[in-house]
Amino acid sequence: MALLPSRTKYRKVHKGRIYGTAQKGNTLAFGEFGIQSLTRGRMTSQQIEAARVAMTRSLKRKGKVWIRVFPHKPVTKKPAETRMGKGKGSVEKWVAVIKPGTMLFEVAGCSATAAREALRLADTKLPFHCRFVSREQEL
Amino acid sequence: MHTYSLNIFSREKTGRGSARRLRTAGRIPAAVYGRGNCRSIAVSAVDFRNLNREIGGGAAVVELKDEKGGTSLSLVQEIQRDAVKDTINHIDFQEIERGHEFNTRVRVTLVKEADCVGVKNDGGVIDHQVYEVEIRCRPSKLPDHIPVDVSALEIGEAICIKDLPELEAVEYLGEPDQVIVSCQPPTVAAETTDDAEAVAADEVPSTKVGRDDDEAAGAADDSSGVADGKS
């Protein structure tokens, strides 16, 4: 099941711009290893799910995975072959707004090699550059 | 306990501009507080990086030496890092006094992780939940880290703060029942027929969303509301 908010105050929001770097959610909080975004962009709920499945398959259900981002933002789209006007399109997908430095996924309970491979596979599902981080690196 | 030493430079100017100039000049702005006085200082970026490597993530007492020859004992209370560039932006030192007790946080390290009974025999997963614990001790008794032996840990068992090894003149301050590390049972693999579509979305129970919002439940009723938009 795709990730999306259970209830929102407004159905549609403005597009917005992604300025600055992540000031919170930028360190390892739960796991021993993680991937951190290096560029900015949007991550759809489908991409989050694809990355999660890739990681859990790679870890062979042994490790523990944390998803540190949530797609709070609705993105609308007008139907094909529609004339301009007639209001804003309907919500097509939900995205997480990602700033450089955001910790996307964390992993624990497995070796560094297994975590690195799992997070590399997750990285291939994402539309921006990421880097592998570990608690040992932070020292 | 080993005491490390670090040269510091006092600074008068504070604020973003002077802090940026310091960083450009190869220094890191820092602050020393505790024992009633608080002052702004700077340290050499290279010296601090070497010191940090030498300490290796453990707790340590650092002797700060200023230009006038004065010294003071302190702890590295907090290091602010740039999340993208991975450079150090600012350091907080907390002054402590010899012979006086103080509170600090110390890393918990797992020992004999590979020999854990629950992992070796039953295929369990070690769940390290708390990486640091708060302790109270004197500077001379400050442990580098708290070693936790997990070799005897079986599936379903946990090591709490009350089970931590007793160290001389060290008092654990956290909740005694706070779990530090536990051994979780392995998740049962679902039958995999086709590799492409074998793992369905809801089949992996060990995944957690880091942010504890209450969005998980009742998603279906909102999706129906979303579909009612203009077309």
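Residues numbered from 1 in each chain as written. Chains lettered and ligands numbered in written order. Predicted model: local features only at pLDDT ≥ 70, side-chain atom pairs only at ≥ 80, totals over all residues. Heavy atoms only, no water.

Asks: What am I meant to see in the sheet that holds strand 10 (residues 146-149) of chain B here?
Replies: Two pairing modes exist for strands in a sheet, parallel and antiparallel, and in both the strands are linked by backbone hydrogen bonds. Residues and elements named next belong to chain B. Taken in spatial order, the 4 strands of this open sheet run 10-7-9-12, and their pairing is mixed. Of all strands in the sheet, those bounded by a partner on one side alone are strand 10 and strand 12 (171-172). Note: strand 7 (residues 102-111) against strand 10, 4 bridges, orientation parallel. For V111, the partnering residue across the bridge sits in strand 10 and is D149. (Pairing = 2+ DSSP bridges. Helix = DSSP H or I, 4+ residues; strand = E, 2+ residues; numbered from the N terminus.)

Asks: Would you explain helix 2 (residues 45-55) of chain B in this entry?
Replies: Because an α-helix completes one turn every 3.6 residues, residues spaced three or four positions apart along the sequence face the same direction. Residue and element names in this part refer to chain B. For helix 2, every residue scored as buried is listed here: F48, L51, N52 and I55. What you see down the axis of helix 2 is that its buried residues fit within an arc of 100°, all on one side. Across from the buried face of helix 2, at angles greater than 90 degrees, the exposed residues are R53 and E54. Looking at the packing, one finds that the buried side of helix 2 touches strand 1 (3-10), strand 2 (27-33), strand 3 (39-44), strand 4 (61-65), strand 5 (71-81) and strand 6 (88-95). Positive backbone phi, at 65°, marks G56, one or two positions downstream of helix 2. (Buried < 20%, exposed > 50% of the residue type's maximum accessible area, 1.4 Å probe, protein only. Arc of directions from axis to C-beta. Contact = heavy atoms within 4.5 Å.)

Asks: For this particular structure, what's the right way to read the pairing of strand 1 of chain B?
Replies: Consecutive side chains along a regular strand alternate between the two faces of the sheet. All names here are of chain B. Inspection of the sheet shows strand 1 paired to strand 4 by 5 bridges, in the parallel sense. Pairing of Y4 across the sheet is with V62, part of strand 4. As defined by bridge partners, strand 1 adjoins strand 3 across 3 bridges and the pair is classed as antiparallel. In the sheet register, I8 faces strand 3, and the bridge partner there is V43.

Asks: What am I meant to see in the packing of helix 1 (residues 45-58) of chain A against helix 2 (residues 112-124) of chain A here?
Replies: Residue and element names in this part refer to chain A. Contact geometry of helix 1 with helix 2 gives a least axis separation of 8 Å together with a crossing angle of 155°. The angle between helix 1 and helix 2 falls in the class roughly antiparallel. For the pair helix 1 and helix 2, the crossing hand works out as right-handed. Contacts between helix 1 and helix 2 involve A51, A54, M55 and S58 from the former and A114, E117, A118, L119, L121 and A122 from the latter. Classifying every residue of the contact of helix 1 with helix 2 by side-chain character gives 8 nonpolar, 1 polar and 1 charged. (Axes fitted to C-alpha atoms, helices over the stretch in contact; angles between N-to-C directions. Parallel < 35°, antiparallel > 145°, perpendicular 65-115°, else oblique. Left-handed = near helix turned anticlockwise from the far one by under 90°. Nonpolar A, V, L, I, M, F, W, Y, C, P; charged D, E, K, R; others polar.)

Asks: So what exactly am I meant to see when it comes to the domain arrangement of chain B here?
Replies: For interface size, the figure often reported is the accessible area lost on association. Residue and element names in this part refer to chain B. Domain boundaries assigned for chain B yield domain 1 (3-96) and domain 2 (103-188). Each of domain 1 and domain 2 has a C-alpha centre, and these two points are 30 Å apart. Each partner contributes to the interface: domain 1 provides 9 residues, whereas domain 2 provides 8 residues. In this assembly, domain 1 and domain 2 are joined by 0 salt bridges. Viewed at the interface, domain 2 and domain 1 are joined by 1 residue pair in polar contact (both at pLDDT 80 or more). Grouping the amino acids of the side of domain 1 that touches domain 2 by side-chain chemistry returns 6 nonpolar, 3 polar and no charged. (Domains from an automatic or database assignment. Salt bridge = Lys/Arg side-chain N within 4 Å of Asp/Glu carboxyl O. Polar contact = N/O pair within 3.5 Å; in protein donor to acceptor, adjacent residues only side chain to side chain.)

Asks: Explanation requested: the pattern of salt bridges in the structure shown.
Replies: Residue and element names in this part refer to chain A. All chains considered together, the criterion is met by 10 salt bridges over all chains. In this structure, E49 engages R52 in a salt bridge whose closest nitrogen and oxygen atoms are separated by 2.9 Å. Residue E49 and its partner R52 are located together in helix 1, separated by 3 residues, close to a single helical turn. E49 sits in the buried class, given a relative accessible area of 16%.

Asks: Would you explain the packing of aromatic side chains in this entry?
Replies: Two aromatic rings, taken as a pair, are described by how far apart their centres are and by the angle between their planes. Residues and elements named next belong to chain A. Under the defined criterion, the tally for this structure stands at 3 aromatic pairs over all chains. Relative to W66, the ring of F30 lies with its centre 5.9 Å away and its plane at 10°, an arrangement referred to as stacked. One end of the pair, F30, is in the segment before strand 1 (33-37); the other, W66, is in strand 3 (residues 64-67), and 36 residues separate them in sequence. A residue is classified by how much of its surface remains accessible, and W66, at 5% relative accessible area, is buried. (Phe/Tyr/Trp six-rings, centres within 6.5 Å; stacked < 30°, edge-to-face > 60°.)

Asks: I would appreciate a short explanation of the nonpolar core in the present structure.
Replies: The tendency in soluble globular proteins is for nonpolar side chains to be buried side by side. V133(B) and L142(B) are the most contacted members of the largest nonpolar core, which has 28 residues in total. Broken down by secondary-structure element, the contributors of at least two residues to this core are strand 5, strand 7, strand 9 (132-137), strand 10 and strand 13 (179-184) of chain B. The element best represented in this core is strand 7 of chain B, accounting for 4 residues. Both domains that meet at this core, namely domain 1 (3-96) and domain 2 (103-188) of chain B, each give it at least three residues. Other than its neighbours up to four places away in sequence, V133(B) contacts T104(B), R105(B), V106(B), V108(B), I146(B), I161(B), L164(B), Y172(B) and I180(B). Judged by nonpolar contacts, the second largest core, of 26 residues, contains I48(A), A96(A), A118(A) and F128(A). (Core = buried A, V, L, I, M, F, W, Y, C linked by side-chain atoms within 4.5 Å.)

Asks: Where do I start with the side chain of D92(B) in this structure?
Replies: Residue and element names in this part refer to chain B. Assignment of secondary structure puts D92 in strand 6. Of the side chains bearing the opposite charge, R11 lies closest to the buried D92, which forms no salt bridge; the N-O distance is 8.1 Å. Reaching out from D92, the side chain makes a polar contact with the side chain of Y33 at a distance of 3.3 Å. (Lys, Arg positive; Asp, Glu negative; His and termini not counted.)

Asks: What's the story with the sheet that holds strand 2 (residues 41-44) of chain A in this structure? I'm lost.
Replies: Residue and element names in this part refer to chain A. Spatially, 3 strands are ordered 2-5-4 in an open sheet, and the strand pairing comes out antiparallel. Of all strands in the sheet, those bounded by a partner on one side alone are strand 2 and strand 4 (73-77). Pairwise comparison of adjacent strand axes, ignoring direction, gives a mean angle of 50° for this sheet. Across 4 bridges, strand 2 lies against strand 5 (residues 90-98) in antiparallel orientation. Across the sheet, M43 pairs through a bridge with A96, a residue of strand 5. Sheet strands in contact with helix 1 are strand 2 and strand 5, and its direction is about 70° off that of strand 2.

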